[in-house]
Amino acid sequence: MNTLRLQLRFLVPLILVLVGAAYLASDLLDKLTTRWFMRDLNLRGSLIAGTMTDAIQDGLAERRGGRLEAVFERALKDERLFAIALCGADPTPMRRTATFPRTLMCEELLKVSQQPDPRIGWQGGPLHVGLHEIPLAGGEKVSLVLLQDVSYAELRSRDTRRWLVAFITALGMVVALITVVVAQLSWRGWVSGARALLRGEGLLRPIGDTAPELEPFVKELRENLRELEDGLRLAQAQQGAWDPARLRALLQTQLRGDQVIVVSNREPYIHEKSADGVVVKRPASGLVTAVEPVMRACSGTWIAHGSGSADRQVVDRHDRVRVPPGADEYALRRVWLTPEEEQGYYYGFANEGMWPLCHVAHVRPVFRESDWEQYRAINERFADAVAQEARGEDPVVLVQDYHFALLPAMIRKRLPRATVLTFWHIPWPNPESFGICPWRTEILEGMLGSTILGFHTPYHCKNFIETVDRMLEARIEHEHSTISLGGAETLVAAFPISIEWPGDTAVAHWPSVQDCRQAVIRRLDLPADARIAVGVDRFDYTKGILERFHAVERLLEKRPEWIGRFVFVQVAAPTRSALEEYQAFQERIQRVTERINTRFGRAGYQPIRLLATHHEHEALNELFRAADACVVTSLHDGMNLVCKEFVAARNDERGVLILSRFAGAAGELREALIVNPYHVEETADALHHALVMPEAEQRERMVSLRMSVREHNVFLWAGRMLADAGRLRLRERIRARVERHGGVLGPVQQGGVRRVK
Ligand code: ADQ
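Residues numbered from 1 in each chain as written. Predicted model: local features only at pLDDT ≥ 70, side-chain atom pairs only at ≥ 80, totals over all residues. Heavy atoms only, no water.

A. Geometry of the overall build of the chain. When its secondary structure is counted, the chain shows 26 helices and 23 strands. In the form shown here, the chain has an accessible surface area of approximately 35,200 Å², with 53% of it arising from carbon and sulfur atoms. (Helix = DSSP H or I, 4+ residues; strand = E, 2+ residues; numbered from the N terminus. Areas by Shrake-Rupley, 256 points an atom, 1.4 Å probe, with all protein chains shown as cover.)

Quick look at the structure:
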């Protein structure tokens, strides 16, 4: 429709110009043909006069009528010759044919014949008047008057005009047709060029087959888009460090205050029944630690499994409760699961299948058909909850983790215009390892319903893209890190997660490092001069707790001087205890702890203190501040937040971080002592190194670690992801406008972030 309007804008003036040209040309042609006719008739008259000269001279010399008239009558056989007369000195012609008009006088005929258009009107049509002198004997002259019928000339001129108009009309139509076809083709070229630009192709590399005539348009559009994106980036860069205010500003500008919905299995607040009534608990979860501050900043809706014994008691009739309790910053929508559903979807498929599948920690994944069915059904239930909670057709939905691999595609089906950001908090294995999953294609297709799919590290992204490459018929653009499947495109990118950096007010309330140390020594009844190392984890086999204990044992073996002086405090929050694998693991850790404590312990001293309970944030902070070293020895970890929490707790710039090279965090926190947890000797040496590290070196390392975590905090993680979502949404809006409106350049040419918004 718009193309037609555009073409009419061009065609109407073209047709008007052609009509004007036809009008002018026919007039000109008329004049020209008349002039040619007159010249022909004069010439013809001269010829006739020439052939008749002798007969006229003879006829007049004989002085008797008859012969001359006979000559004239013969000449009149030429149908175009209408009448003939001879003019002498008298006003009336001296001889004339019967057809010659009686009213015409010689003087008048002379005048007419001398005009450029020597025509007179007569009943039968116009007549051409020609006067030709015939010399007579004795120097006298007579004029031969020839009246020729020129009505045929007018007929011809009319015919010529008709043909001319028909020709110009046909020409106009051919030109119009060519214009329409070329315009259509060019239009398609423009639109696909614009689309390519909006996909980002034109910005990073030139669009392959741009026609030369479209170059200026493409160049302009490309420049406008680049300006637009630069503007966005600049606006972000100028705002300094990432904090809740900046995240809120980003949501209000780039996402125009669009609704943000988070979906995760674990809820951020659990209401439990207790002897004192209902109590609220915070789960030990890296995901909750990271996403909660984002949610508080954007006041959205968090959809999660209501797992607490008092959860149903506190929700409204829509299963919602405002959290954090008392602060009322966002809505928590609870989804209910039966024990069988939880068994199949959560313990079964997610934690016995996906978790070991993605972590290379030498525990075999277990895949059961019934678990898979539950997993799919529960993903559908959460998709329904998202659709119910969505206030508009295009919310921003943040899907969290491996419990919801199928959810992105299910959301896309219900809300095709939603922006789905999926974040995979655990590692992604190589294609061979992932290939053992019986439902690998379903899982990949489900995940590719995401607009953006985030992992912690570029290595996990690479593994995912390679897996898709092996298992699906999808188009992969390695240059842009995008995967297209069924017409939808997913950007696969690394967004390293982090923690909320503690604010000045919170830090001001922290007890001093000395006080923390005294408190921990007192509470755990440790030797007064104890050197303390801590480990804080969920009680999970991927965290390398066993390997850590073996390293402690080896340290005490190798360096007995630490016996009685070195204590390892391990906090381990029970997790997934319903699973046999986890129960066995926890029991094994208990046994190893006892063995080591028996081997190296003595009265009033135990080298390992295992605290297998959930700890509140303040208690963990106290422990981190009291410690000489923090030990993170994950066998495989997406990121690991404990190491970042330890760094954040150490505003005294002391303490040493020992970090597994298999944790995603190792890529960022290079000033830690990086170890291979499978190498017991190396970890034992790192422990010793940490305990004897001079304060100056500790400070140097810690200052650098703190700078890194402070800058790369959780708001940067969320901000980068949401800013990318904002850019894609903006691009999508421009693309929609390009298709909706005739003016390809309309919204883009306006330039500048604010105007487009
Ligand atoms: P998790 O495997 O849960 O997270 P992690 O990143 O270490 O691992 O986070 C654990 C969180 O739970 C931390 O905030 C920690 O303080 C807390 N926690 C641990 N033990 C606790 C205890 N005993 N009491 C109270 N709190 C405790 C998953 C991935 C990680 C990834 C995160 C975030 O496995 O690789 O870093 O998600 O994406």
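B. Main features of the environment of Arg312. Topologically, Arg312 is positioned in helix 9 (residues 311–314). The class of Arg312 is exposed, set by a relative accessible area of 55%. C-alpha separation for the pair Arg312 and Glu272, spaced 40 residues apart in sequence, amounts to 10.0 Å. (Buried < 20%, exposed > 50% of the residue type's maximum accessible area, 1.4 Å probe, protein only.)

C. Representation of the state of the cysteines. Following the criterion strictly, the structure yields one disulfide and no others. The residue that forms a disulfide with Cys87 is Cys106, at a sulfur-sulfur distance of 2.0 Å. Classification of the bridge connecting Cys87 and Cys106 rests on its S-S torsion, roughly -85 degrees, and on that basis the disulfide is left-handed. A residue pair is termed long-range when its members are at least 10 positions apart, and Cys87 in strand 1 (residues 81–87) and Cys106 in helix 3 (residues 106–113) qualify at 19 residues. Neither residue differs from the other here; Cys87 and Cys106 are each classed as buried. Its sulfur unpaired, Cys437 is 8.9 Å from the next cysteine sulfur, which belongs to Cys358. Take Cys437: its relative accessible area is 0%, and that puts it in the buried class. (Disulfide = S-S within 2.5 Å.)

D. Structural view of a nonpolar patch on the surface. Taken together, the side chains of Leu8, Val12 and Leu16 present a nonpolar region at the surface, about 290 Å² in accessible area. Tracing the backbone shows Val12 in helix 1 (residues 2–62). Residue Val12 is classed as partly exposed on the basis of its relative accessible area of 44%. (Patch = residues over 30% accessible without salt bridge, like charges linked within 9 Å, V, L, I, M, F, W, Y side chains within 5 Å. Salt bridge = Lys/Arg side-chain N within 4 Å of Asp/Glu carboxyl O.)

E. Molecular detail of the nonpolar core. Residues Trp424, Ile443, Phe464, Phe566, Leu657, Leu659 and Trp717 are the most contacted members of the largest nonpolar core, which totals 178 residues. In this view, Ile443 contacts Phe349, Met354, Trp372, Ala405, Leu406, Trp428, Phe434 and Cys437; residues no more than four positions away in its chain are not counted. Residues Ala55, Phe72, Ile84 and Leu144 belong to the second largest nonpolar core, which totals 19 residues. (Core = buried A, V, L, I, M, F, W, Y, C linked by side-chain atoms within 4.5 Å. Contact = heavy atoms within 4.5 Å.)

F. A look at the pairing of strand 20 (residues 608–611). Both strand 19 (residues 566–573) and strand 20 contribute to a ladder of four bridges, which runs parallel. Its bridge partner being in strand 20, Gln570 is matched across the sheet by Leu610. For the segment spanning strand 19, helix 19 (residues 580–600) and strand 20, crossover handedness is right-handed. (Pairing = 2+ DSSP bridges. Right-handed = clockwise from strand over helix to strand, strands pointing away.)

G. Representation of the pattern of salt bridges. Applying the stated rule across the entire model yields 45 salt bridges. A salt bridge links Arg320 to Glu389, with the shortest nitrogen-to-oxygen separation between them at 3.0 Å. Note that Arg320 is positioned in strand 10 (residues 320–323) and Glu389 in helix 11 (residues 369–389), a separation of 69 residues in sequence. With a relative accessible area of 6%, Glu389 lands in the buried category. Linking Glu380 and Arg414 is a salt bridge whose minimum nitrogen-to-oxygen distance equals 2.7 Å. In this pair, Glu380 is assigned in helix 11 and Arg414 in helix 12 (residues 407–414), connecting sequence segments 34 residues apart. Relative accessible area serves as the criterion here: at 30%, Glu380 is assigned to the partly exposed category. Because the salt bridges share partners, they merge into one network encompassing Glu553, Arg554, Glu557, Lys558, Arg595, Arg599, Glu681 and Asp685.

H. Structural detail: the packing of aromatic side chains. By the definition in use, this model includes 24 aromatic pairs. Ring centres 6.2 Å apart and planes at 35 degrees place the aromatic pair Tyr345 and Phe404 in the tilted group. One end of the pair, Tyr345, is in helix 10 (residues 339–358); the other, Phe404, is in the loop between strand 12 (396–400) and helix 12, with 59 residues separating them in the sequence. Seen in terms of ring centroids, Trp372 and Trp439 are 4.9 Å apart; in terms of plane orientation they differ by 5 degrees. Their pairing is stacked. Taken together, the residues Trp372 in helix 11 and Trp439 in the loop between helix 13 (431–434) and helix 14 (440–447) connect sequence positions 67 residues apart. By way of ring pairs, the aromatic residues Tyr345, Phe349, Phe367, Trp372, Tyr375, Phe382, Phe404 and Trp439 are connected into one cluster. Just above the ring of Trp336 sits the side chain of Arg312; from NZ or CZ to the centre is 4.3 Å. (Phe/Tyr/Trp six-rings, centres within 6.5 Å; stacked < 30°, edge-to-face > 60°. Lys NZ or Arg CZ within 6 Å of the ring centre and 35° of its normal.)

I. How the structure looks around the site of the ligand. Surrounding the ligand, one finds 27 residues, the nearest of these being His425, Arg538, Asp637, Asn640 and Glu645. Between the ligand and Asp637 there is a distance of 2.6 Å, counted from an oxygen atom to a side-chain nitrogen or oxygen. The backbone of Met639 places a nitrogen or oxygen atom 2.8 Å from an oxygen atom of the ligand. Mapped onto the shell around the ligand, the elements with two or more residues apiece are helix 8 (286–298), strand 18 (531–538), strand 19 and helix 21 (642–649). (Near = heavy atom within 4 Å. Polar contact = N/O pair within 3.5 Å; in protein donor to acceptor, adjacent residues only side chain to side chain.)

J. Layout of helix 2 (residues 67–75). For helix 2, every residue scored as buried is listed here: Leu68, Val71, Phe72 and Ala75. Along the long axis of helix 2, the arc covered by the buried residues comes to 95 degrees, so they all point the same way. (Arc of directions from axis to C-beta.)

K. Spatial organisation of the environment of Asn379. Considering the arrangement of structural elements, one finds Asn379 in helix 11. Put simply, Asn379 and Leu406 are 27 residues apart on the chain and 6.3 Å apart in space, counted from C-alpha to C-alpha. In this structure, Asn379 is in contact with Tyr345, His403, Phe404, Ala405, Leu406, Leu407 and Met410, ignoring residues within four places of it in sequence. Side-chain polar atoms of Asn379 contact the backbone oxygen of Tyr375, separated by 2.9 Å.

L. Examining unusual backbone geometry more closely. Omega for the peptide link from Val323 to Pro324 comes to -15 degrees, which places this bond in the cis form. In this structure, Pro324 sits in the loop between strand 10 and strand 11 (330–335). In the Ramachandran plot, Asp319 falls in the positive-phi region, its phi being about 65 degrees despite a non-glycine side chain. Backbone geometry at Ser481 places phi at a positive 60 degrees, although glycine is not the residue there. Mapping Ser481 onto the fold places it in the loop between strand 15 (475–477) and strand 16 (482–485).

M. Representation of the sheet that holds strand 22 (residues 656–660) in the model. The six strands are arranged 20-19-18-21-22-23 in an open sheet whose pairing can be described as parallel. The open sheet terminates on both sides in strands that have one partner only, identified here as strand 20 and strand 23 (673–675). Each strand axis lies, on average, 20 degrees off the axis of its neighbour in the sheet, ignoring direction. Pairing analysis gives four bridges linking strand 21 (residues 629–632) to strand 22, with the strands arranged parallel. In the sheet register, Cys630 faces strand 22, and the bridge partner there is Leu657. Packed on one face of the sheet, helix 18 (residues 545–558) meets strand 18, strand 19, strand 20 and strand 21 and runs near 170 degrees to strand 19. (Axes fitted to C-alpha atoms, helices over the stretch in contact; angles between N-to-C directions.)

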